[in-house]
Each structure stands twice: as C-alpha cells, then as structure tokens.
Amino acid sequence: MTTDSDDRQHRSILRTIAHRAMLERGLVPDFPFQALAELDAIRAPATRTEESTRDLRSLIWCSIDNDDTRDLDQLTVAVAMPAGAAKVLVAIADVDAIVKKQSALDDHARQTPPRSTR
C-alpha cells in the first residue's frame, strides 16, 4: 500500500527524470523570470473575439493531461449522433488571445529543440 508520502516522492523522482530528459533533448523546461511575471499579470480569461466562438463548457470534456494539471489546452468530447454514430469534438486553446506575439511567454513557447542527427 502506498502512502501520500510515497506518492509525493515518486512524483518528485519522475519530475526530476522528466526535467533532465527535456534538458538533454534541447528543450527549455524552466520559464524565465520575465515570462513568469507576464503569466502572473494575466488576471482573466480571454474574451470572445469571433461570432463563431461557442461556449461548450456544458459538455463533459476529457484531457490526456495529468489529473492535477492546470494546462488544459487540448480537450476532446464525443457527442452521440443518430443511428449510433458519434461526433468527436476537439478543443484547442487559442493562447494568443491573451499571450501577445514576441512577449517573453511567446518567446519561451516558440523555442524548438535542435534537430536530431540520428
């Protein structure tokens, strides 16, 4: 039987392994101070900018992210259709509605790892 302490220790070990693997592959997992300051200044969700935007929060969306994540930028939901068919909806966050181009957050997000020579 695992305890909360064991669970926290396992998560810590996994975070350390993931962080090291990201660095080894040329990724930048740590946000620079300026990007964190920009993030902290965001106080409200984006506002509706297009007529085609629909509020679908009443649907039961799911994510492949961890259950404790706050990064729900890609979601899916299946909606029952006639004759046993299903329609799958995919939601993708429009982050540039709040994060402006060439900001510290945008610069961090646009970083790409070097191409593999394998």
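Residues numbered from 1 in each chain as written. Predicted model: local features only at pLDDT ≥ 70, side-chain atom pairs only at ≥ 80, totals over all residues. Heavy atoms only, no water.

**A short note on the overall build of the protein chain**
No. 1: Secondary structure summary: the protein chain contains 3 helices and 2 strands in total.
No. 2: Taken from N to C terminus, the helices and strands of the protein chain fall in the order α-α-β-β-α.
No. 3: On C-alpha atoms alone, the protein chain measures out to a radius of gyration of 19 Å, which is more than a quarter above the 13 Å that the 2.2 N^0.38 rule sets for 118 residues.
No. 4: Expressed along its principal axes, the backbone C-alpha trace of the protein chain runs to roughly 50 × 45 × 40 Å.
No. 5: A burial count over the protein chain gives 8% of its 118 residues as buried.
No. 6: Across the protein chain, the fraction of contacts at a sequence separation of at least 24, relative to all contacts at a separation of at least 6, is 42%.
No. 7: Here the protein chain displays about 10600 Å² of accessible surface, and carbon together with sulfur accounts for 55% of that area.
No. 8: Positive and negative charge centroids in the protein chain, built from 16 and 19 side chains respectively, lie 3 Å apart. (Helix = DSSP H or I, 4+ residues; strand = E, 2+ residues; numbered from the N terminus. Rg over C-alpha atoms; globule rule 2.2 N^0.38 Å. Buried < 20%, exposed > 50% of the residue type's maximum accessible area, 1.4 Å probe, protein only. Contact = heavy atoms within 4.5 Å. Areas by Shrake-Rupley, 256 points an atom, 1.4 Å probe, with all protein chains shown as cover. Lys, Arg positive; Asp, Glu negative; His and termini not counted. Charge placed at Lys NZ, Arg CZ, Asp CG, Glu CD.)

**Overview of the pattern of salt bridges**
When the charged atoms of two side chains with opposite charge come close together, those side chains can pair.
No. 1: Enumeration according to the criterion identifies 5 salt bridges in this entry.
No. 2: Of the charged contacts, one joins Asp7 and Arg11 as a salt bridge, the two residues approaching to 3.5 Å between their closest N and O atoms. In this pair, Asp7 and Arg11 both sit in helix α1 (residues 4–24), 4 residues apart, roughly one turn of the helix.
No. 3: Among the ionic pairs, Asp107 bridges to Arg110, the shortest N-O distance being 2.4 Å.
No. 4: Salt bridges linked by common partners bring Asp106, Asp107 and Arg110 together as one network. (Salt bridge = Lys/Arg side-chain N within 4 Å of Asp/Glu carboxyl O.)

**What about unusual backbone geometry?**
No. 1: In this structure, Ala83 takes a positive phi of about 60° despite not being glycine.
No. 2: Among the secondary structure elements, Ala83 is positioned in the loop between β1 (74–80) and β2 (86–92).
No. 3: Residue classification places Ala83 among the exposed residues on the basis of a relative accessible area of 87%.

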